[in-house]
Amino acid sequence: MTINIRFLPDDVTVNAEVGESLLDVADRAGVSIPTGCLMGSCHACTVELDDGEVIRACITPVPPGKEELTINLFSDPTW
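Everything numeric in this text was worked out from a predicted model, so none of it was measured.

Overview of the overall build of the protein
Phase 1 of the analysis: Across its full length, the protein carries one helix and five strands.
Phase 2 of the analysis: In terms of C-alpha radius of gyration, the protein reaches 11 Å, essentially the compact-globule figure of 12 Å for 79 residues.
Phase 3 of the analysis: Counting only C-alpha atoms, the protein reaches 35 × 25 × 25 Å along its principal axes.
Phase 4 of the analysis: Expressed as a percentage of its 79 residues, the buried residues of the protein come to 34%.

This is how it looks when you write it as structure tokens:
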């Protein structure tokens, strides 16, 4: 099953497979999400979903049960 992933603020949309890493989806779409540890503990890859939930893209897969998912990218000068 595939869903549309929309990355803001650049408004880039790409199809993704359920279970695929959000970090991999962003990379394939040409969207840069900062990374650090790649295990979620450093919080460098923190993004916000359209429902306000804050997640770490490196450890979060594309969830089932949605047709589209919007991801708001943060701009953190630390990373």
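The structure having been displayed, the exposition proceeds.
So, helix 1 (residues 22–29)
Each turn of an α-helix holds 3.6 residues, which means side chains three or four residues apart point in the same direction.
Phase 1 of the analysis: For helix 1, the complete set of buried residues consists of Leu22, Leu23, Val25 and Ala26. Considered in projection along helix 1, the buried side chains sweep an arc of 160° and stay on one side of the axis.
Phase 2 of the analysis: Buried residues in helix 1 make contact with strand 1 (2–8), strand 2 (12–17), strand 4 (54–56) and strand 5 (68–73).
Phase 3 of the analysis: Two or three places before leucine 23, at the start of helix 1, stands the capping residue serine 21, its side-chain oxygen 3.2 Å from that residue's backbone nitrogen.
Phase 4 of the analysis: Looking at the residues trailing helix 1, positive phi occurs at glycine 30, about 80°.

Thresholds applied
Residues numbered from 1 in each chain as written. Predicted model: local features only at pLDDT ≥ 70, side-chain atom pairs only at ≥ 80, totals over all residues. Heavy atoms only, no water. Helix = DSSP H or I, 4+ residues; strand = E, 2+ residues; numbered from the N terminus. Rg over C-alpha atoms; globule rule 2.2 N^0.38 Å. Buried < 20%, exposed > 50% of the residue type's maximum accessible area, 1.4 Å probe, protein only. Arc of directions from axis to C-beta. Contact = heavy atoms within 4.5 Å. Polar contact = N/O pair within 3.5 Å; in protein donor to acceptor, adjacent residues only side chain to side chain.

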